[in-house]
Amino acid sequence: MILLAGTPALAHRLDEYLQGTLISVEKNRLQAQITLTPGVAVFQVLLAEIDTDADGVISETEQRAYAARVLRDLSLTIDGHPLTPRLISRQFPTIQEMQAGRGEIQIEFSADLPLGGANRRLIFENHHFRQIAAYQVNCLVPRDPDIRIAAQNRNYSQSLYQLEYVQAGVQSNSPVLAWCSSDRVWLGALALLLCARFALLMKKKKTQAMA
Amino acid sequence: MKTKYTHRISILALFSLSAAMAQTATSRIVSAANTFLSTLDQKQRQSVLFAFDDGQQRARWSNFPVRMVPRAGLSMGELSAAQRAAALVMISSALSTRGFEKVRQIMAADEVLKHNEGNNPMFGEDLYYVSILGTPSATEPWMLQFGGHHLALNITIAGERGVLTPTLTGAQPSLYTVNGKTVRPLGRESDKAIALLNALDESQRKQAVLSYRLADLVLGPGQDGKTIQPEGLKASAMNERQRAMLLDVISEWAGIVHESAAAARMAELKAEVNETWFAWSGPATVTPGSNIAAYYRVQGPHLVIEYAPQRMGGDPSMHVHTIYRDPTNDYGRKLTSK
């Protein structure tokens, strides 16, 4: 004889659009994976945005367009500089799988990180379908032993995530060193060489004139 | 019918236990596995056996019901009563008494759910699958998998070592009554964790309680081998009593596997308890006798445990998913890589 306490009904996600992001930080770039799982109650809303020609199939073009939209709805900055996420891969379930509440869309992207100081601050914002979203965002433990995570901060909904990390083997953040560490240092060296060459030529010309 | 069936399993389990008193844990599991295989016909053997390194089969587990995410192997419903009893004896031989009881309660919860859903064929005890990867052996590595809705046991056996990661447990409903007795398959996981939270002082609690909402598992199915940055309160900032309570929480997962493997695993986890973190998100109160509605995570260098109540149109404390991992040793990779 089995008696029930409570009546939990369904085995699948209902009225939320779960969006879990895992971020991996390297020296020159970051890589991330977003797993998007629509609940069955919000599936129709989402499907209208993905299957735009409503033919019941998520075509390659529709997949590309939706992945691009997801990336557009993200905002990424490092030390205040905006980053451009680049799509690496995308995987879409069938409409039937999504309808059943078990369909996971997976999008992988990367972004190049400009050179910076030892202490870095990455800010990640996700605005995709914010009315129905259940966001989750985490950082993977860096594979590079030179990178150490210092702090993670989020707002309550996890739509805003701030990651602070320290990169060993990088000079301090002083503006001079930051300037030296950039590509501009090569331009400066080239300018100095040209000046020296010009000074030598002038000196040679002067000596010849005196002779 | 059900009582007779349970009786039969109990007698078989007792017989197997007494006959195996002098055996090592692994030889006992191998013997039970071979007994189970001997009950199968050729076609069934083909269905239940996989190559040890079959990556697809290893990863074919989920919290979803099998009608939503199909499993491979043989389902309980496909087996005769004798075969089913032999399968359950094999599974019980790889688990502790407490661990096997938890598994049976998770399966019973799914039977309750089936009943609750108007005999919905998506749920029920018949829909749990068994599979064997490799050849049962006392010396060579092999794997035993058992799972369905809210259950995925991945047991790697390598000599006398037994590895239970990754393993998923869950329950819906996570509180039900059978013959007037309240059953909570994941009740101890809930009770021990809130007891630990309540044992923390204000400053410790501030560190342990995360300021954001967690809707689900972070490292659920499909996230093998990943390690996220730990958060919350580090056990090095706990006192001895609190650390012992944390280890007691961990034992609810580490102790599912048979006693000698569990003891080895607990010794490993105890040695690095100071490097282990405890994080909590959600309500910090609970009605006595009920389950918590909060998410929590325990994470160490070789451990990830997540307990995640599911908000799916009802009371989140009644529907729980949990995951138990060693990201450095999923499917016993450390023991089996040559």
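Basis of the calculations
- Residues numbered from 1 in each chain as written.
- Chains lettered and ligands numbered in written order.
- Predicted model: local features only at pLDDT ≥ 70, side-chain atom pairs only at ≥ 80, totals over all residues.
- Buried ≥ 20, exposed ≤ 12 C-beta atoms within 10 Å, placed from the backbone.
- Helix = DSSP H or I, 4+ residues; strand = E, 2+ residues; numbered from the N terminus.
- Pairing = 2+ DSSP bridges.
- Axes fitted to C-alpha atoms, helices over the stretch in contact; angles between N-to-C directions.
- Left-handed = near helix turned anticlockwise from the far one by under 90°.
- Contact = placed C-beta atoms within 7 Å.
- Expected span 1.5 Å × (residues − 1).

Help me understand the pairing of strand S12 (residues 295-300) of chain B in this model?
Put simply, side chains in a regular strand alternate between the two faces of the sheet. Residues and elements named next belong to chain B. Most of S12 is tucked away, with six of its six residues classed as buried. Every second residue of S12 is oriented toward a common face, with Tyr 295, Arg 297 and Gln 299 on one face and Tyr 296, Val 298 and Gly 300 on the other, all of them buried. Direction of pairing for strand S11 (residues 277-281) relative to S12: antiparallel, over a ladder of five bridges. Paired with Ala 279 across the bridge in S12 is Arg 297. Judged from the five bridges that link them, S12 and strand S13 (residues 303-309) form a sheet pairing that is antiparallel. Counted as the bridge partner of Tyr 296 is Tyr 307 from S13.

Looking at this structure, I do not really get the packing of helix H9 (residues 240-254) of chain B against helix H10 (residues 259-271) of chain B. What am I missing?
Between two packed helices, both the angle of their axes relative to each other and the distance between the axes serve to describe the pair. Residue and element names in this part refer to chain B. The interhelical angle for the contact between H9 and H10, taken along N-to-C directions, is 145°, at an axis separation of 10 Å. Handedness of the crossing formed by H9 with H10: right-handed. Within the contact between the two elements, H9 uses Leu 247, Ile 250, Ser 251 and Ala 254 and H10 uses Ala 262, Arg 265, Met 266, Leu 269 and Lys 270.

Could you clarify how one ought to interpret the sheet that holds strand S2 (residues 17-25) of chain A in this entry?
Adjacent strands of a sheet form backbone hydrogen bonds with each other and so pair up, either parallel or antiparallel. All names here are of chain A. Spatial ordering of the open sheet is given by S6-S7-S3-S2-S9, a layout of five strands whose pairing is mixed. Across the chains shown, the open sheet's two edge strands, defined by having one partner strand only, are strand S6 (86-91) and strand S9 (133-139). Along the sheet, successive strands turn relative to each other by an average axial angle of 15°, direction set aside. As judged from the eight bridges shared by strand S3 (residues 29-38) and strand S7 (residues 105-112), these two strands associate in the antiparallel manner. When the sheet's bridge partners are listed, Ala 32 is paired in S7 with Phe 109. The strands that helix H2 (residues 60-72) touches are S3, S6 and S7; relative to S6, the one it contacts most, it runs at about 130°.

Sorry if this is basic, but what is going on with the environment of Phe124(A) here?
Residue and element names in this part refer to chain A. With respect to the helices, strands and loops of the structure, Phe 124 is situated in strand S8 (residues 119-126). A residue is classified by how many C-beta atoms lie within 10 Å of it, and Phe 124, with 24 of them, is buried. Along the primary structure Phe 124 and Leu 46 are separated by 78 residues, whereas in three dimensions their C-alpha atoms are 23 Å apart. Not counting residues within four places of it along the chain, the set of residues in contact with Phe 124 comprises Ile 23, Leu 76, Val 137 and Tyr 161.

Quick question: what am I supposed to make of the environment of Thr285(B) here?
Residue and element names in this part refer to chain B. Residue placement: Thr 285 occurs in the loop between S11 and S12. Accessibility expressed as a C-beta count within 10 Å gives 10 for Thr 285, which makes it exposed. Sequence spacing of Thr 285 and Ser 211 is 74 residues, and the spatial spacing of their C-alpha atoms is 16 Å.

When you look at helix H5 (residues 81-94) of chain B in this model, what are you seeing that I'm missing?
An α-helix turns once per 3.6 residues; consequently, residues spaced three or four apart project the same way. All names here are of chain B. Relative to the 20 Å expected for 14 residues at 1.5 Å per residue, H5 spans 20 Å between its end C-alpha atoms, a close match to the ideal helical length. In terms of burial, H5 is largely enclosed, as 11 of its 14 residues are buried. Those residues of H5 that sit buried are Arg 84, Ala 85, Ala 86, Ala 87, Leu 88, Val 89, Met 90, Ile 91, Ser 92, Ser 93 and Ala 94.

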